[in-house]
Structures are given as structure tokens and as C-alpha cells.
Amino acid sequence: MSEQVQSPFRVEESAAAKQELLGGPPIMQKKKHKKRKASNGRLKKLWRRATTQSKGITSRKEWNEMLELHSDWKTSHQNNPDVSDDPMMGSLPGPAVILSKEPSQDFTNMKNWQATEGSDHRDIILNLIFRQSSSDGAGDGIQKKKKRKLGASGREPMRQSSLINAPTLPSWSNIRNLSGMGGLAVIEISIEDCDPGSPCPLMPSERVKDVTEGKKSPWTTLFGNTNGDTNNSDSKVQRSITACKVKMFQGNKHPRCLSDVLMFLPPPVAPSEHDTKKQSVDVIDAIYDLRLTPKQMRSEGYPFISGQEKSSTDDDKVSVENKISAYSKSDVDGMSTDVALDLIETISVEVSFGDDDEHVNHTECEHYVKTFSRNKDAPPRRPKIFAIDCEMVQTKAKMELVRVSVIEYVEAIEGNGNEGDEEKSILVLDELVKPRRDVLDYLTHYSGVTAKMLVDVKTRIESIQLLLLSLIHEEDMIIGHSAENDLRALRLVHNNIVDTSVVFRGDNGRKYSLKHLSNVLLQRQIQNGCGSSGHCSREDAEASLVLALRRAKHGSSFRLKESVKHQNVLDVFQKAKGGDHTSDGNSSESSFAERNERSSVCIGPNDWLTGRSVGNGSQHLLSCESILSSMAMAVPSWLASKKPSRAGMLWAKLICEGSREGFHNELKKQDEIIDSLVTNVSTDTPILVIFQRNYLKANALTRQRKAATNPKATCVWSACQDEEWKQYMSSCRNCEALWIGSSCQQQTKS
């Protein structure tokens, strides 16, 4: 028989198929192996930081990198028996509240419980929600010298939520892996009608005995490890616990419940006049801290670039920008309208108006321009501060610019002649402008402009735009009152804005007029034309500038006096939810409140949901009158990691009857809830479970005592009653708290 000869083409196909199975040609295989090895090394480094160091990973960018690398690693090793016991095959690490000095403690020993105040836990909650992640990633315990990106004022940008500033963490506490926040749960357990003179079986300090006595319960899982970390053999979920003794309030004047302390922001403390005078403030830096955020600019309807610039080429644009930046007022005054219009058309941009965009006729958005960045070859200088105010008239199509005033703040520097005048300014532009269309109404009682004043005016808006572009650069600040109207009238896009109508906005969201702010805060009368002479744009610009300067110098104490209202944490959380808070659209430094897109849930008694306006800041309200109610299990259910619609923020209040007759059923239900929290809740969700006894009884006795000790009262308050009151106040004051988070002992195999 003749031998069969294999075709050379089939040999080549077979070799190609083999290489395909092996991952490509040898060179490609080597590159892939090298890349995979580098990725695994990077993952192990990030994992060690997230699980072994006090601050963990502080950069949101690095946290997302670790999640992506871990997902790829887990996929490629899911069928590998050699790594089945590797901690990285288990649950992801996550955020946790730990002790700053010794994060690992044996909390079965009550001596190791941390002594705290009720306000400490409120401050931790605020940090978890509103503290922004770091962008530099310096969380590995080694202070790397990196050149930080500075803001336009030459200082490092503030990393705080746009709505509130997170307070300083209590000295005893630390937050590990803040950048990994994906949820938060606060569970209040209020135990009523228990004997104040004897231990309560429902309190954690009593449940610890289950561990020491070797009983099988969720508390054994929670407290089981002597280092404060739990490792349930039946689950790969890893947990850490920090146990605290909590003094919920001071003194015996009046008891305070958990919600009153934890759920409401403290009113801002204004600095004393003595401290304010003594404080040295860099005005430029302080003004920059008053800037509107991108989210605020969109909300107020400021113009911003939405499309590509209309210039034909980048070279044309740069050439025109350089030419315009060098213009003086005489250059613009001597320029024909057609030439000015051609220049503006060359550098014009497409704009949108944020939340107000749907109410704008875009066919009327003629030739908007954006301020230029300073030439790199120009000598360095500090950013300038300008205040702008415009007056408008009603034309056939819309409101059009008729007058613009621009003043420039002169910084008080030794040697420039104004050392004693910290609010000095100079007028740099004050021009009447001829509208493009026929005027229907001069609005003289507002604008102060009459038809006679415009008879000889030839200046068009394009000339004003050229003057502003040569005067104000992208890095400079513009101050105004409801300045979105001025920028629209000027057809100008600028991102560094201080809007005094927003800066001095009331806690209820009310905007105050410039006239009212000037009258009350500056004791300066403006806009007193009495219907004949109208407003003066220069006067209004000066008032806006002085208001901003004084706010920058004196801080938040320089404001209109309003009745002090406590802000609900849930309300503020909802306002910050899912916002865009970074100038470049990158959310790598945003807080959990700003990143969160999930719903907020409140579960508790009806009087609690309504009495403290809990429901105003929540999307889902669930009534639960007792821990024995079936609705109590909605607490862990809403937090379950496998639930696609799990809550981003959950606040619950569960009521227990601490009497001997019923505590057995409540112990069983409490165990069921704790077990479900430990095993089913995602590791990206820290949980605060806090316990208080006898608040209702202590509050009732305090009211009775106050009435009985009144000199006009006829009833008697006995020494026996007073002793009982003191016992209930003590049991109400001395609370216990458990912070449940992700374990910090999940180290990878070497």
C-alpha cells in the first residue's frame, strides 16, 4: 500500500490551531504571561494594603483597579484546586471602623471595649458618608513624595463633599478602605421596660457570655476570634468587629435617644469675634473655596460647553486667542463691528444650560465664547478677582445686554499703597451696549437705561466679548449675584464663579436679593432709584464683591441670622446622591454620598418615622412597631448582597420589650437578625448596631421630676423616686455599640 502524504497546508493549519489553543505564537504567549504576572503582583500588593494596613486603600481609582484585577484573577483560577483555600477566593475586603491604636482586640474581654461618646459615632457616620476619597493613593503606610495637582489658586483642592464638611474623626477611631464604601447601615435597638439595676440579656455585653461559655450562636461567630475578626468556617464572609461603650449624653438635665444624637448634624459653631479678628486669611485662597461646583453650576443654569468648538482648525483658534489676549480697549474701540463679529465666530462654542437647558431656545444662543487659559510663556501671577453686573432690556426676541460693569479687586499687598484697605477695587469696564434688535421695553426701573442714553452708542456685544476675553482668563474668578443671568447676557462661558445668591442662600433653600444682603450685612443702601433711575450695575458689582470678600475673611459666621435648624443626615445624603462634583467629570475623589445611586430605606415605628421627619430623606419607609414583627427581617433583607435593588443607606429602629416574660422570643429574633447581617450583607457595607435601654421611662420620669420640683407644684418628689430616676437615667445614658465591617486579616498566600 502506498503511504498517504499529508498536505503541507494541513500541517500549517494544525500548527496554527495548536498555537491558538496555547494562546498564540510563543512571543505572544510570553507577553501575555509577563502581563498576567505583573497584574497578579499588583493585585497582591493592593490586597495586602486593603487587608493588613490601618487605612487600607484610600484612593477610589486604586480600589476600582483592585476590583477589576480580582475579578480577572478569580475567573482564571476558579477551577484551580491549588488556590481553593486562598483568601482571595473568598469575600472581598471592604470598609471597616477600627481602633486607631490596636485594631485587633479580644472584645470578649469587656476591658478592651472602647469608651466613647454618642457624638463620636455620629461623626464616624458623617465621615463614612461625606468624606471624599483620596486621589493620590498614598495609603500604603509609606509617605511617597508626589507632586500634588494644585488648584488655580496655587493650593491643593479641598476634598470635601459639596454639601457638608465631614468632621474630624474621633482620636480613638480609624476608617479602613473608605474608598470601598458601597453602603451603610445604622440599626438602633431600643430596649424598654427592663430593670435598670440588673444586667439586660439583650445587650451585647451579656451576649458575649455565649462565646466564653462555648454556646453556639451568631454572637460566637461575631466575637469568636480573639483578635476581633470573625472567620465563619461555614462561610467565606470575613468580618471585623469593634465593640464600644457609649455615653450617649452628659449630665442629668434631659435624656437623649439614639436618633437625636446620631441622625442630626450639629448646628455650625460660629467663631467668636475675637478669633475672627485674630485669624489671618489669604483672600485669594478663601475666595476660591467659595466657588460653585459643577453640579451647582448646572443646577443654577450656567452656560457650559456642550459640543465641539466651531473653529476650522486648532491653529486658527490659537492664533486668534493670542491676538485677542493682546488687545487693549483702544484696539477694540477702533475695530469695525464686522471684524469683531468674525473674530467671535472663529472662537465661538456650543453651549448648554444644565438643568435649565430645556427652557432655552438654542436658536438664540448666538456666538458664545469661553475664557482663555493664560499663555504658558506669560510671567506667572496670582489669579485675579473680578465682579460683574449687567443690565438688560427687552427686545423683540429676548432680553439683550445694554450695560456691563466690571470691577477688579486690588489685593492688599505691602508696598502697593492699600495696606489698610482690604476691600479696594478699581473699575476696569463700564460700557453701554447697543442691542442687536429693536427695543420693546427699556425696563428703566431696573436697568436705569433710557432710549436717550443709547442714541450715540455704537458698541456691540461682540466688542464687549473681546474686551472681556483680553481682560479675564480661565484661571481668574468672577463674582456676581445670580451671575448666570449676566453670563448669558454676555454670552460668556467661565467655570470659576462665586455666586453670592448661592453663598448666602438660606438653609431652607431661599435666595435673598442683593439689595437685602447689602442692607443687612453691609449696612449699605443700593438700588434706591425709586422707579426712575433704576439699578446701577457698578454699584451692584461692588456690593457682590464686598459680600464675597467678607464671607471669605470671616467664614460661615458672616451670614444672615436664621432660626437654627438641625439638618437630618438622611436629607443631606439624598441631596448629595449621585451628583457630579468634580470639575473634570471624574468621580475618583467623590464621597460615598455622591457616588451612591441606590435607594435609602428607613424601618421603624410610625411615630419615629414621622416625629423626627425621618421619612423626608428616605425613598422607602417601612413600619415596624416591634423587633418581633415579621417586618424586622426586612433590615438584613434590604442589605443582602445578592439583592440587585439593595439599599445604599439603611436606618432602622427596632423596639424590644426587655421584661423577663418576653425576652426569650426577642433574643431568638435578635440572633436571627445578627446572623443574617453577618452572613448575607456585602462586605462593602459597614454596619453600626447600637443599643440603648429605658429611654421612654427615663424621659417620662424626667418630666415628672421637673414638674414636681417646681416651687409652685403641690405634688412631692421623694428621695426614693429620685433614686429610681437616677437609675433609669444611668441605664439610658450608658449604651453599647458594635461596628461590623470587613476583616483586616485576609492575607494572601506567599
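The numbers attached to residues start from 1 for each chain and follow its sequence in the written order. Thresholds applied to this predicted model are a pLDDT of at least 70 for local features of residues and 80 or more for the giving and counting of side-chain atom pairs; totals over whole chains, interfaces and linings are not thresholded and use all residues. The side-chain figures draw on all heavy atoms in the structure; neither hydrogens nor water molecules are used.

**A closer look at the overall build of the protein chain**
Heads up, the rule is: The way it works is that DSSP assigns letters per residue, a run of H or I at least four long becomes a helix, a run of E at least two long becomes a strand, and they are numbered from the N terminus. Buried, partly exposed and exposed residues are distinguished by accessible area as a fraction of the type maximum, computed with a 1.4 Å probe on protein chains only: under 20%, between the cut-offs, and over 50%, respectively. Working rule for contacts: check all heavy atoms of both residues, and any pair within 4.5 Å makes them a contact. Under the convention used here, a 1.4 Å probe and the Shrake-Rupley method define accessible areas, while residue burial counts only the protein chains that appear.
Along the protein chain, the regular secondary structure elements total 27 helices and 21 strands. Classification of the 750 residues of the protein chain by burial places 49% in the buried group. Sequence-distant contacts, at least 24 apart, represent 75% of the contacts inside the protein chain between residues at least 6 apart. As presented, the protein chain carries roughly 37,200 Å² of accessible surface, and 48% of it is formed by carbon and sulfur atoms.

**Topic: helix α3 (residues 60–77)**
Note the cut-off: Every helix has an expected span of 1.5 Å times one less than the residues it contains. Under this definition, polar contacts are N or O atom pairs within 3.5 Å; protein pairs additionally need one hydrogen-donor-capable and one acceptor-capable atom, and for neighbouring residues in sequence, both atoms have to be side-chain atoms.
The terminal C-alpha atoms of α3, which comprises 18 residues, lie 26 Å apart, in line with the 26 Å expected from a rise of 1.5 Å per residue. Along α3, the positions that sit buried rather than exposed are Arg60, Glu62, Trp63, Met66, Leu69, His70, Trp73 and His77. Where α3 begins, one side-chain oxygen reaches toward the backbone nitrogen of lysine 61, 3.3 Å away; that side chain belongs to serine 59.

**Describing the pattern of salt bridges**
Counted only if it meets this: Any Lys or Arg side-chain nitrogen located within 4 Å of an Asp or Glu carboxyl oxygen qualifies as a salt bridge.
Evaluated as defined, the whole model comprises 23 salt bridges. Residue arginine 382 is joined to glutamate 411 by a salt bridge in which the shortest nitrogen-to-oxygen separation is 3.0 Å. One end of the pair, arginine 382, is in the loop between β9 (369–370) and β10 (385–395); the other, glutamate 411, is in the loop between β11 (399–409) and β12 (425–432), with 29 residues separating them in the sequence. Looking at glutamate 411, the relative accessible area reads 23%, which means it is partly exposed.

**Let's talk about helix α25 (residues 663–680)**
Given a rise of 1.5 Å per residue, 18 residues ought to cover 26 Å, and the 25 Å separating the end C-alpha atoms of α25 matches this to within 8%. Within α25 the residues assigned to the buried category are Phe663, Glu666, Leu667, Lys669, Gln670, Asp671, Ile673, Ile674, Ser676, Leu677 and Val678.

**Section: the side chain of threonine 500**
Mapped onto the elements, threonine 500 comes out in helix α18 (residues 500–503). A polar side-chain atom of threonine 500 sits 2.8 Å from a polar atom in the side chain of histidine 481. Aside from chain neighbours lying at most four places away, what touches threonine 500 is Ile479, Gly480, His481, Leu517, Ser544, Leu547 and Ala548.

**Comments concerning the packing of aromatic side chains**
Just so we agree on the cut-off: Note on aromatic contacts: the rings of Phe and Tyr and the six-membered ring of Trp form a pair at centre separations within 6.5 Å, being stacked when their planes are under 30 degrees apart, edge-to-face when over 60 apart, and tilted otherwise. Put simply, a charge is over a ring when the Lys NZ or the Arg CZ is close to the ring centre, within 6 Å, and near the line of the ring normal, within 35 degrees.
Scanning the entire structure with this criterion turns up 3 aromatic pairs. Seen from their ring centres, phenylalanine 504 and phenylalanine 558 are 5.9 Å apart, and the 75° between their planes marks the pair as edge-to-face. Residue phenylalanine 504 is located in the loop between α18 and α19 (514–521), and its partner phenylalanine 558 is located in the loop between α20 (537–554) and α21 (569–576); the two are separated by 54 residues in the primary sequence. For arginine 298, the ring lying beneath its charged end belongs to phenylalanine 304, and the centroid distance is 4.3 Å. In this arrangement the basic side chain of arginine 551 is found over the ring face of phenylalanine 504, its NZ or CZ atom lying 5.3 Å from the centre.

**Re the environment of isoleucine 407**
Its location among the elements puts isoleucine 407 in strand β11. Once the C-alpha coordinates of isoleucine 407 and glutamate 539 are considered, the two residues, 132 residues apart in sequence, prove to be 9.9 Å apart. Once residues within four sequence positions are removed from consideration, isoleucine 407 is found in contact with Ile385, Phe386, Ala387, Ser425, Ile426, Leu427, Val428, Ala541, Glu542 and Leu545.

**What to know about the state of the cysteines**
Rules: Criterion for a disulfide: a pair of cysteine sulfur atoms at a distance within 2.5 Å.
Enumeration according to the criterion identifies 0 disulfides in this entry. Take cysteine 257: it sits in no disulfide, and the sulfur closest to it among the cysteines is that of cysteine 732, at 8.4 Å. Using a relative accessible area of 2% as the deciding quantity, one classes cysteine 257 as buried.

**Section: the confidence of the model for the protein chain**
Worth spelling out the cut-off: For every residue, the pLDDT score states the predictor's confidence, bounded by 0 at the bottom and 100 at the top.
Scored by pLDDT, the protein chain comes out at a mean of 80, with 78% of its residues at no less than 70. Scored below 50 in pLDDT, residues 270–278 makes 5 contacts in the model with residues more than four places away or belonging to other chains. Long-range and interchain partners of residues 580–586, a stretch whose pLDDT sits below 50, account for 12 contacts in this model, where long-range means more than four residues apart.

**Re the side chain of glutamate 431**
One can find glutamate 431 in strand β12. Those residues in contact with glutamate 431, other than ones at most four positions away along the chain, are Lys329, Val402, Arg403, Val404, Thr459 and Ile464.

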